[in-house]
Amino acid sequence: MQDLRIGYGYDVHQLAEGEELWLGGILVPSSFGAVGHSDADVLLHVICDALFGARAMGDIGAHFPDTDPAYKGIDSKILLRETVAKVCTEGWGVVNVDATVCLERPKLRPHIDTMRACIADILGIPVDRVGVKATTTERLGFVGTGEGISAHAAVLLGR
Ligand code: MG
């Protein structure tokens, strides 16, 4: 593998009572969830953005506009699959992914390995190449007050 590219993604969604909390392709049990045009899966969104970024192909909003009714309520696993199909051309493949979700509660630890398996399956890479971490922000800022959720991801592509 001679050619490597790194990509980075960042995303924020508002949280609200009564919404579903989709993260890493799975539904996390919670009385509140993220608000968005799609299923608002902030973790899958940052991985999409990191993938697009690695090849300087713009961002998730450019490829899947939130003004397009086709993407209303869409399962973000479909968006990630389409992103991989767009990015992994001309010999490019995903080497690894590492991501952090910032959320005050609920605790994500019991769900992390299920998320990793789901992401690895979509990316077509072994699960030991998918890192997912979770952190609170020590009750500081919009994450700390429970107003929102954010996530960061880095990906490495190679060919
Ligand atoms: Mg998003």
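About the criteria used
- Residues numbered from 1 in each chain as written.
- Predicted model: local features only at pLDDT ≥ 70, side-chain atom pairs only at ≥ 80, totals over all residues.
- Heavy atoms only, no water.
- Donors = N, O, S within 2.8 Å, 3.2 Å for Na, K, Ca; no water.
- Helix = DSSP H or I, 4+ residues; strand = E, 2+ residues; numbered from the N terminus.
- Buried < 20%, exposed > 50% of the residue type's maximum accessible area, 1.4 Å probe, protein only.
- Core = buried A, V, L, I, M, F, W, Y, C linked by side-chain atoms within 4.5 Å.
- Phe/Tyr/Trp six-rings, centres within 6.5 Å; stacked < 30°, edge-to-face > 60°.
- Contact = heavy atoms within 4.5 Å.
- Expected span 1.5 Å × (residues − 1).
- Pairing = 2+ DSSP bridges.
- Axes fitted to C-alpha atoms, helices over the stretch in contact; angles between N-to-C directions.

It is worth spelling out the coordination of the magnesium ion at this point. Taken together, D11 (OD), H13 (NE2) and H45 (ND1) make up the protein donors of the magnesium ion, found 2.0 to 2.2 Å from the metal. Counting along the primary sequence, the residues that act as donors to the magnesium ion give the motif D-x1-H-x31-H. Taken together, the residues span a long stretch of sequence, with D11 in strand β1 (residues 4–17) and H45 in helix α1 (residues 42–54) at a distance of 34 residues. Considered together, D11 and H45 belong to a single accessibility category, that of buried residues.

Before going further, it helps to examine the nonpolar core. Among the nonpolar cores identified, the biggest contains 48 residues, and L23, L43, L51, L80, L123 and I149 are the most heavily contacted of them. At ten residues, α1 tops the list of elements feeding residues into this core.

On to the packing of aromatic side chains. As enumerated under the stated definition, the model contains two aromatic pairs in all. The interplanar angle of 50° and the centroid separation of 6.2 Å between the aromatic rings of F52 and F64 together place this pair among those described as tilted. With a gap of twelve residues between them, F52 in helix α1 and F64 in the loop between α2 (60–63) and α3 (76–87) connect regions that are remote in the sequence. Look at F52 and you get buried, because its relative accessible area is 0%. Judged by relative accessible area, which is 6%, F64 ranks as buried.

What follows deals with the side chain of K77. Within the secondary structure layout, K77 lies in helix α3. With sequence-adjacent residues up to four places away left out, K77 is seen in contact with W22, G25, L44, C118 and I122.

Along its 13 residues, α1 runs 18 Å from first to last C-alpha, staying within 8% of the 18 Å computed at 1.5 Å per residue. Among the 13 residues in α1, twelve count as buried, and that is most of the element. Listing the buried residues of α1 in full gives V42, L43, L44, H45, V46, I47, C48, D49, A50, L51, F52 and A54. Just past α1, the residue A56 takes up positive phi, approximately 50°.

It is worth spelling out the sheet that holds strand β5 (residues 93–102) at this point. Here five strands make up an open sheet; going across it, the order is β4-β1-β7-β5-β6 and the pairing mixed. Every other strand in the sheet has two partners, leaving β4 (32–34) and β6 (130–135) as the edge strands with one partner each. In this sheet, adjacent strand axes meet at a mean angle of 20° when their direction is disregarded. Strand direction decides the pairing type here: β5 and β6, joined by six bridges, are parallel.

Interpretation note: all reported values are geometric properties and have no functional meaning in isolation.
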